[in-house]
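Spelled out, the chains give:
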2 protein chains.
Amino acid sequence: MNSLSEARVVTDPDVIDSYARDRTFLEPGKPLGVVLAASRDDVVTTMKWATEHRVPVVPRGGGTGLAGASVGTDGSVILSLARMTAIRELSPADEIAVVEPGVITADLDRAAREHGLMYAPDPSSYEISTIGGNLATNAGGLRCVKYGVTRDSTLGLEVVLADGRILNTGRRTMKGVTGYDLTGLFVGSEGTLGVITSATVRLRRAPAAPPATFAAEFGSLRDAGAAVSAIMAAGCQPSLMELLDRATLEAIDDWRNIGLEATTQAMLIGQSDAPDGQASVERMERICTDKGASFVAVSSSPEEAEELVGLRRLAYGAKERQGACLVEDVCVPRSVLPEMITAIEAAAARHGVRIATVAHAGDGNLHPVFIFEHGTLEPPAEVWAAADEVFTRALEFGGTLTGEHGVGLLKRRWLALESGPVASEVQHGIKAVFDPLGLLNPGKAI
Amino acid sequence: MNSLSEARVVTDPDVIDSYARDRTFLEPGKPLGVVLAASRDDVVTTMKWATEHRVPVVPRGGGTGLAGASVGTDGSVILSLARMTAIRELSPADEIAVVEPGVITADLDRAAREHGLMYAPDPSSYEISTIGGNLATNAGGLRCVKYGVTRDSTLGLEVVLADGRILNTGRRTMKGVTGYDLTGLFVGSEGTLGVITSATVRLRRAPAAPPATFAAEFGSLRDAGAAVSAIMAAGCQPSLMELLDRATLEAIDDWRNIGLEATTQAMLIGQSDAPDGQASVERMERICTDKGASFVAVSSSPEEAEELVGLRRLAYGAKERQGACLVEDVCVPRSVLPEMITAIEAAAARHGVRIATVAHAGDGNLHPVFIFEHGTLEPPAEVWAAADEVFTRALEFGGTLTGEHGVGLLKRRWLALESGPVASEVQHGIKAVFDPLGLLNPGKAI
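Residues numbered from 1 in each chain as written. Chains lettered and ligands numbered in written order. Predicted model: local features only at pLDDT ≥ 70, side-chain atom pairs only at ≥ 80, totals over all residues. Heavy atoms only, no water.

- In the annotation of an unreviewed UniProt entry, chain A is listed under the name FAD-linked oxidase C-terminal domain-containing protein and assigned to Nonomuraea antimicrobica.
- According to UniProt, the comment filed for chain A under the heading Cofactor (unreviewed entry) is "FAD". (UniProt positions renumbered as here; feature names shortened; annotations may be inferred.)

In C-alpha cells:
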C-alpha cells in the first residue's frame, strides 16, 4: 500500500483473524490484511488506496462491539484506529477535549477527572472500548440515564471520507447551527460514512462528592420494574439505575459468591450524584419498599458503592463464563418496562431458552442475554425464535431494536420492521453521498 | 390546488405579503399564495402539487425567525403550519409529548407543567414562536445553558418529503441507534429537507421550587464576561446566565424606566433551579463580587426573579423601538467570552455603528444587535462592515456564525468561511437526497 510503511500493514493470517472479530459469536470472513493506523495521514493513504483498488474497508476500535459492526469481511482491509491514542487537547476552561479515536474511554474520563471534570458516557466496556468505537455506535452506558449518550457529548469531528478527503464537522462551542448536523449523522453510523480521526467532545463537571447509592432486592422482576417506573415518575433523577434479574445474579454469584438469597428474583442498584444525593437516594429507597422490595440498603461508604456498581459491570463477563451469548439491546418507553420484562420471561419460557437480563432501567433499555452452548457457531433456532419474539414485542410497545449497541450484522434481519421503506431509501441515499462506491463497512448498519 | 379546500389557500396580495415576512428587515419577494395547512394531508397535497408543478415551497411557523429562513421568495408558495396546533399526546409516565408544528412553544411548556413537567427549550420568542419553527432552526433559549437546545429535546419526527411521501424518524424511547440520526438532521435544517408535521419531544421534570436568582451590575463589560467564565469554571451549573450590556440596558430603561445607574456598563442575571439553588446562587454572587461587581443582589421573591428575567426577555423589543435591527448570533468557546465582547466593542467603535449586546453568556452565545435607522431597507455599508468584523473575530476565536438563529438568508455570505468546501459539497449532496428538484426553501440555509 504505497506510502504506508510495512510496519503498519499486517498480512499474517492469524493476526488478521484476531483483528477480524468482535465480542459477538460471529465468524469473520477472510480479510486481505490489517492497517494499524498511527495518524490521520495513514487513514488518508488507506482510503485513497482502497478507493483506487475498490477494496472494502472495515474500520475498527477496541473490537468490543456487540452487534458485529467491526467483524472483518471477505476481501476487505481492516483499518484499526487503536494506535491513535492521543488526547490532543483538554481545556478545563471550555470543558472540552480533542481526542483521537483510539483513546480508551475510561482513560479520557481519568484525564478529565484530574481537572475536576468527567467524560460522561460509560459503556460497560469502558475500560477496553475506544472513543472511536463509542462514536461509531453512539454508545450509552450506566451514567447516560442522567448525562445522555455519546452523541450528547460530541461537538465536532474530523472525518476521512471514502475517497480520502478530509471533512470537518461541528464546532468547539456549546451551541451552533451552521449547516446540517453532520456530527450527529456520523455518530452511530457504524463506520459506514467515513473514518473518524479526531473528535471534539464535551466534558462535564465531576460531582463534588461520591454518589449516594442504594441496592434493593425484589421477590419479583415485575415489582422491580414497577419500582423503576415509580422512581423516574417521582423525579428522583438518578445518575445510575440498573436492574439485574435472577439469572444474571446467579451468574455473578457462581463467579464471585455474593451470597444470593433463594427468594431474590431481581436487584435494583441506583445512585444519585446530585448535591442532595443522599436525600434523593432515600426517596428511591422508600419507593422500592412501597413496591414490595424484600431488602433495601443505602450504602454508607464509597467503597461499598463502588463494589455494587462493580458487580453490575461484571454481569456480561459472568454470563460469558456460562455459555456463548447473544447480547440484545431493546429499548422501550419507561412506562412499559414491567410489561417488557414479562414479555422477555414469556419468550424464554415459550422457546425453552435461557435469557439473563440486565437493564439500564432508568432509560427503559434492556439487555436480554440469550445464553447457549459454548462452541456453537450460530445460536440455535430456538434462540433466534425467542429473540424474534422479544424484538416484535419491543416494537409493539413503541420501542426500538437497539438502544446503544447498534445494528451491525446481527440486527439487520429485523431492521425493516422498525425503519420502513422510506427511511431505508433515504438512509441508502445518504450513504451514497459519502461513499458512492460502497467501500466503507459494506453490509453493516443500514 | 386540486383537493385543498379554498379556505386553505390565500391569494390576496396583502395577506401574502404579511405571511412572507419574518422578524428581520428583509423585503420578501412575490410569492404566488399561502397555504394554511390544518392537517398532514394538507401538507401532502401541497407538496405533491408543488412537485407536479415545480413550484418552490417556503414552510413557515410563527414567522419570528431572525435570519430570514421563512421569508417568502418570488414565485413560491408559502406553507404555513401555524394552524396545526394539536398536542396529540402528553405522557407524564414516559415524559414525552407528541405535538403538531404550530403549537406555540410556551403553550407546550404550560401543558407540561400541569403534570409537574416542563418543555425545556425557551427561545426569547417562546410566547409567539412555534415548535415547528424551533425545530427548523434548532432554537436555543435562556434555559439551554442547563437543558440543551431543541435538538436535545427531540426524539422523533413525522416529516412530509418534497414529493409528498411520509418519513418517520427516531423513536419514543430515551435511547435508540437504529439507522442514521435522521431526526437530528432535520432539526436545524430550516425547512430545506422536508416539512415537519409532528414531533415527539422529550419533557423533563419541572424543578420542585422556584429558581434562586441573582443580578449583578458591573462597571465594565469585560469584568462581567470574566465573572461568567469564572462561574462556569467553578461548576455552579446555572439554569440561566444572561448578560446585558449598557446599550441594551439603556434601551430597556428608555422603555420601562428601570432606574439605570450612570456607572453600570453591564448586568448579569443568573439562576439556579437545582435543589441546592440558593447556595449555588450565593456562590455565583461571591464570584461576581470577586470580579469587581459594583452591586449584587440575590432575589428573595419569585415575583422579583420573574421580573428580572422578564426584563431580559424585553431586550429585543426595546431595541426594535430604537431602530431597525440586524440581530446577530455568534457563539464562542466560553473561555474567550471577555475577548469576544471586547472585539464587538472595537468593531462598533471602528465602524461608528451602534451595537447593543445581550448574551446567553453561560453558553458563550452572544447576540450583538446592530441598530440602524428605521425605514432603511438594507443595513448601511458600515453595519455590514462591522458585522463582517464580528463574524471574522468569532471564527478566529474558534467560534461559530450562529449559535441558535440559523443561517437563513442573512448569514449565507459568511457560510463558506466556517464550513469549507468539503462540508458544503456534502450538505448539498444530502439536500439532493431529500429534495432532488430543489423545491424546499431554495436559497436558504446551506
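### What to know about the overall build of chain A
At step 1: Tallying secondary structure elements over chain A gives 13 helices and 18 strands in all.
At step 2: A compact globule built from 446 residues should have a C-alpha radius of gyration of about 22 Å, and chain A, at 22 Å, falls within 12% of that.
At step 3: In terms of its C-alpha atoms, chain A occupies a principal-axis envelope of roughly 65 × 55 × 40 Å.
At step 4: Evaluated residue by residue, chain A yields a buried proportion of 63% over its 446 residues.
At step 5: Intrachain contacts of chain A at a sequence separation of at least 6 include 73% that bridge at least 24 residues.
At step 6: Of the roughly 15,500 Å² of accessible surface on chain A, 50% is carried by carbon and sulfur atoms.
At step 7: When the 41 positive and 57 negative side-chain charges of chain A are each reduced to one mean point, those points stand 4 Å apart. (Helix = DSSP H or I, 4+ residues; strand = E, 2+ residues; numbered from the N terminus. Rg over C-alpha atoms; globule rule 2.2 N^0.38 Å. Buried < 20%, exposed > 50% of the residue type's maximum accessible area, 1.4 Å probe, protein only. Contact = heavy atoms within 4.5 Å. Areas by Shrake-Rupley, 256 points an atom, 1.4 Å probe, with all protein chains shown as cover. Lys, Arg positive; Asp, Glu negative; His and termini not counted. Charge placed at Lys NZ, Arg CZ, Asp CG, Glu CD.)

### A short note on the domain arrangement of chain A
Residue and element names in this part refer to chain A.
At step 1: Each assigned domain of chain A is listed here: domain 1 (6–80), domain 2 (87–205), domain 3 (209–318) and domain 4 (323–435).
At step 2: Of note, the centres of domain 3 and domain 4, computed from C-alpha atoms alone, are 24 Å apart.
At step 3: Taken residue by residue, the interface counts 17 residues in domain 3 and 19 residues in domain 4.
At step 4: Contact between domain 3 and domain 4 buries roughly 1,500 Å² in total, counting both sides, with carbon and sulfur atoms accounting for 61%.
At step 5: Looking only at domain 3, the three residues that lose the most surface to domain 4 are Arg222, Leu243 and Tyr316, adding up to 32% of its buried area.
At step 6: Taken together, domain 3 and domain 4 are joined by 0 salt bridges.
At step 7: For the pair domain 3 and domain 4, the interface holds 8 residue pairs in polar contact (both at pLDDT 80 or more).
At step 8: No other element matches helix α7 (residues 221–233), which puts 7 residues into the side of domain 3 that touches domain 4.
At step 9: When the residues that make up the side of domain 3 that touches domain 4 are grouped by side-chain class, the tally is 10 nonpolar, 3 polar and 4 charged. (Domains from an automatic or database assignment. Buried area = accessible area lost by both parts, 1.4 Å probe. Salt bridge = Lys/Arg side-chain N within 4 Å of Asp/Glu carboxyl O. Polar contact = N/O pair within 3.5 Å; in protein donor to acceptor, adjacent residues only side chain to side chain. Nonpolar A, V, L, I, M, F, W, Y, C, P; charged D, E, K, R; others polar.)

### Some remarks on the relation of the copies chain A and chain B
At step 1: Mapping chain A onto chain B is achieved by rotating through 180° and translating by 0.0 Å along the same axis, at an RMSD of 0.0 Å. Viewed as a symmetry operation, the transformation between the two copies matches a two-fold axis.
At step 2: A symmetric contact is evident, with 100% of the interface residues of chain A recurring at the interface of chain B. (Least-squares fit on C-alpha atoms with pLDDT ≥ 70 in both.)

### Some remarks on helix α2 (residues 40–53) of chain A
At step 1: For α2(A), with 14 residues, the first-to-last C-alpha span of 20 Å sits near the 20 Å given by 1.5 Å per residue.
At step 2: A positive phi of about 55° marks Arg54(A), the residue just after α2(A). (Expected span 1.5 Å × (residues − 1).)

### Quick notes on unusual backbone geometry
Residue and element names in this part refer to chain B.
At step 1: A positive phi angle, near 55°, is found at Arg54, a position not held by glycine.
At step 2: With respect to the helices and strands, the residue Arg54 is situated in the loop between α2 (40–53) and β3 (57–60).
At step 3: Located in the positive-phi region is Glu190, a residue other than glycine, with phi close to 55°.
At step 4: Within the secondary structure layout, Glu190 lies in the loop between α6 (182–186) and β10 (195–202).

### Thoughts on the sheet that holds β10(B)
Residues and elements named next belong to chain B.
At step 1: With respect to topology, 5 strands assemble into an open sheet ordered β5-β6-β10-β8-β9, the strand pairing being antiparallel. Of all the strands in the sheet, the pair left with one neighbour each is β5 (87–91) and β9 (166–170). Each strand axis lies, on average, 10° off the axis of its neighbour in the sheet, ignoring direction.
At step 2: As defined by bridge partners, β5 adjoins strand β6 (residues 96–99) across 4 bridges and the pair is classed as antiparallel. Note that in β6 the partner of Leu90 across the bridge is Ala97. (Pairing = 2+ DSSP bridges. Axes fitted to C-alpha atoms, helices over the stretch in contact; angles between N-to-C directions.)

### Digging into the sheet that holds strand β9 (residues 166–170) of chain A
Residue and element names in this part refer to chain A.
At step 1: Strand order in this open sheet of 5 strands is β5-β6-β10-β8-β9, and the pairing throughout is antiparallel. Either end of the sheet is taken by a strand with one partner, and the two such strands are β5 (87–91) and β9. On average, each strand axis in the sheet is inclined to that of its neighbour by 10°, with strand direction left out of account.
At step 2: Here strand β8 (residues 154–160) runs beside β9; their pairing, made up of 5 bridges, is antiparallel. Residue Val159 lies in a different strand from β9, and its bridge partner there is Leu167.
At step 3: Most of the contacts of α2 go to β8, to which it runs at about 50°, and overall it touches β8, β9 and β10 (195–202).

### Here's the deal with the interface of chain A and chain B
At step 1: Between chain A and chain B, the contact holds 72 residues from the first and 72 residues from the second.
At step 2: Summed over both sides, the interface between chain A and chain B buries roughly 5,700 Å², with carbon and sulfur atoms accounting for 60% of that surface.
At step 3: Among the residues of chain A in contact with chain B, Lys175(A), Val177(A) and Tyr180(A) are the three that bury the most area, contributing 17% of the side total.
At step 4: Seen at the junction of chain A and chain B, the total is 10 salt bridges.
At step 5: When the shortest N-O distance is used, the salt bridge between Arg165(B) and Glu425(A) registers 3.0 Å.

### Some remarks on the packing of α7(A) against helix α11 (residues 337–351) of chain A
All names here are of chain A.
At step 1: Close contact between α7 and α11 brings their axes to 8 Å; oriented N to C, the two are set at 155°. Accordingly, the angle class assigned to the pair α7 and α11 is roughly antiparallel. At the point where α7 passes α11, the crossing takes the right-handed sense. Of α11, the residues touching α7 (which contributes Leu221, Arg222, Gly225, Ala226, Val228 and Ser229) are Leu337, Pro338, Glu339, Ile341, Thr342 and Glu345.
At step 2: In the contact of α7 with α11, the residues fall into 6 nonpolar, 3 polar and 3 charged. (Parallel < 35°, antiparallel > 145°, perpendicular 65-115°, else oblique. Left-handed = near helix turned anticlockwise from the far one by under 90°.)

### Overview of the pattern of salt bridges
At step 1: Evaluated as defined, the whole model comprises 56 salt bridges over all chains.
At step 2: For Arg21(A), the salt bridge identified is with Asp17(A), shortest N-O distance 2.9 Å.
At step 3: Close ionic contact of Asp109(B) with Arg113(B) constitutes a salt bridge, the shortest N to O distance being 3.4 Å. A residue pair is termed a helical-turn pair when its members lie 3 or 4 positions apart in one helix, as Asp109(B) and Arg113(B) do in helix α3 (residues 105–113) at 4 residues.
At step 4: One network of salt bridges, in which partners are shared, links Asp109(A), Arg113(A), Asp122(A), Arg143(A) and Arg313(A).

### Describing the packing of aromatic side chains
All names here are of chain B.
At step 1: For the structure shown, the criterion picks out 10 aromatic pairs over all chains.
At step 2: Note on Phe25 and Phe372: the rings are 5.8 Å apart at their centroids and 75° apart in plane angle, and the pair reads as edge-to-face. On the criterion of sequence distance, the pair formed by Phe25 in the loop between α1 (13–19) and β2 (33–36) and Phe372 in strand β18 (residues 365–372) is long-range, its members being 347 residues apart. The burial state of Phe25 is the same as that of Phe372; both residues are buried.
At step 3: Judged by centre distance (6.4 Å) and plane angle (70°), the rings of Phe25 and Trp384 are edge-to-face. (Phe/Tyr/Trp six-rings, centres within 6.5 Å; stacked < 30°, edge-to-face > 60°.)

### Focus on the side chain of His367(A)
At step 1: Note on placement: His367(A) falls in strand β18 (residues 365–372).
At step 2: Not counting residues within four places of it along the chain, the set of residues in contact with His367(A) comprises Arg312(A), Glu328(A), Asp329(A), Ala356(A), Thr357(A), Val358(A), Ala359(A), His360(A), Glu404(A) and His405(A).

### Quick look at the pairing of strand β13 (residues 240–245) of chain B
Residue and element names in this part refer to chain B.
At step 1: Counting buried residues along β13, 6 of its 6 residues qualify, which places the element largely inside the surrounding structure.
At step 2: Side chains Leu240, Glu242 and Leu244 project from β13 onto one buried face, and the interleaved Met241, Leu243 and Asp245 project onto a second face that is buried too.
At step 3: Relative to strand β14 (residues 266–272), β13 is paired through 6 bridges, and the arrangement is antiparallel. Looking at β14, one finds that Glu242 is bridged to Ile269.

### Thoughts on the nonpolar core
At step 1: Residues Ile430(A), Phe434(A), Ile430(B) and Phe434(B) are the most contacted members of the largest nonpolar core, which totals 60 residues.
At step 2: Not counting the four nearest positions on each side in its chain, Ile430(B) is found in contact with Tyr180(A), Leu182(A), Leu185(A), Val433(A), Phe434(A), Leu185(B) and Leu193(B). (Core = buried A, V, L, I, M, F, W, Y, C linked by side-chain atoms within 4.5 Å.)

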